[in-house]
Amino acid sequence: EQTFDTFDTRKKLTPDERRNLELALEIAISYARRPQDWLVLLGPYGSGKTHLAAAIAHYQQQQGTDVMFITVPDLLDYLRLAFNPSAPVSFDHRFQLVRNAAFLVLDDLGTENSSAWAKEKLFQIMDYRYVARLPTVITTAKRLEDLDGRIRSRLIDERRCTTVAITAPGYPLRLKRD
């Protein structure tokens, strides 16, 4: 149900917030039609980042692209499960599936457990995709300054990343407005 058509840019927004969400929607549609490098969606929880990322993923799936959409904490759990002796596939296999996904959406970057292992694996995935210029959408509620420095260095590269800062408050907060 999270498509471009269902993305709401009208409910209880100031004119500036509406313009900001409309711009975010335009950029997301443009990226979905011609994905190149990375799209980074920043903003508070509930602001529509995940909705736009899902809409892009749905659009890409409709075009026949294999899409992997996963929250970062779930991604790390998915990788850790491969260490279980009864796991049906190896860690290397799972790791390569993520690194080489035709189209990857990493939702909620910055909400993961920040263990050294998690930071290393996440950086390896992102660095590989960065160097290979594989289409990737990343959402985060964190300020870029608060992310791991190695990952941040990739996200701020304007040659490879389009960054959209959603400034509208989260949807639940908008609904409370009079």
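Just above, that's the structure.
Parameters and conventions
- Numbering of residues begins from 1 in every chain and follows the order in which that chain's sequence is written.
- At least 70 in pLDDT is required for a residue's local features to be given in this predicted model, at least 80 for side-chain atom pairs to be given and counted, and no such filter applies to totals for whole chains, interfaces and linings, which use all residues.
- Side-chain metrics rest on all non-hydrogen atoms present in the structure, leaving aside hydrogens and water.
- Any two strands between which DSSP finds at least two bridges are classified as paired.
- Secondary structure is summarised from DSSP: a helix means a run of H or I of at least four residues, a strand means a run of E of at least two, and numbering begins at the N terminus for each.
- Note on geometry: axes are C-alpha line fits, over the in-contact stretch for helices, and angles between N-to-C directions span 0 to 180 degrees.
- Two residues form a contact once any of their heavy atoms are found within 4.5 Å.
- Under this scheme an angle from 65 to 115 degrees is roughly perpendicular, one under 35 degrees roughly parallel, and one over 145 degrees roughly antiparallel; angles in between are oblique.
- Note on residue categories: nonpolar means Ala, Val, Leu, Ile, Met, Phe, Trp, Tyr, Cys or Pro, charged means Asp, Glu, Lys or Arg, and polar means any other residue, Gly included.

K.L.:
Which parts of the structure should I look at to understand the sheet that holds strand β3 (residues 103-107)?
P.N.:
What links the strands of a sheet is backbone hydrogen bonding, and the strands pair in either a parallel or an antiparallel sense. The sheet built from 5 strands is open, its strands ordered β2-β3-β4-β1-β5 with parallel pairing. Only two strands of the sheet have a single neighbouring strand rather than two, namely β2 (67-71) and β5 (161-165). Adjacent strand axes in the sheet meet at a mean angle of 10° when their direction is disregarded. Two elements, β3 and strand β4 (residues 136-140), share 3 bridges in a ladder whose sense is parallel. Directly across from Leu106, in β4, lies its bridge partner Ile138. The sheet contacts of helix α3 (residues 72-80) involve β2 and β3, and relative to β2 the element is tilted by about 105°. Sheet strands in contact with helix α5 (residues 116-132) are β1 (38-42), β3 and β4, and its direction is about 140° off that of β3.

K.L.:
How should the packing of α3 against helix α4 (residues 91-99) be read in this particular structure?
P.N.:
For any two helices packed against each other, the geometry comes down to the angle between their axes and how far apart the axes lie. As a packed pair, α3 and α4 sit with axes 9 Å apart at the nearest point and diverge in direction by 150°. When the axis of α3 is compared with that of α4, the two are roughly antiparallel. Contacts between α3 and α4 pair Leu75, Tyr78 and Leu79 from the former with Phe91, Arg94, Phe95, Leu97 and Val98 from the latter. Residues belonging to the contact of α3 with α4 are distributed by class as follows: 7 nonpolar, no polar and 1 charged.

These values are about where atoms sit, not about what they do.
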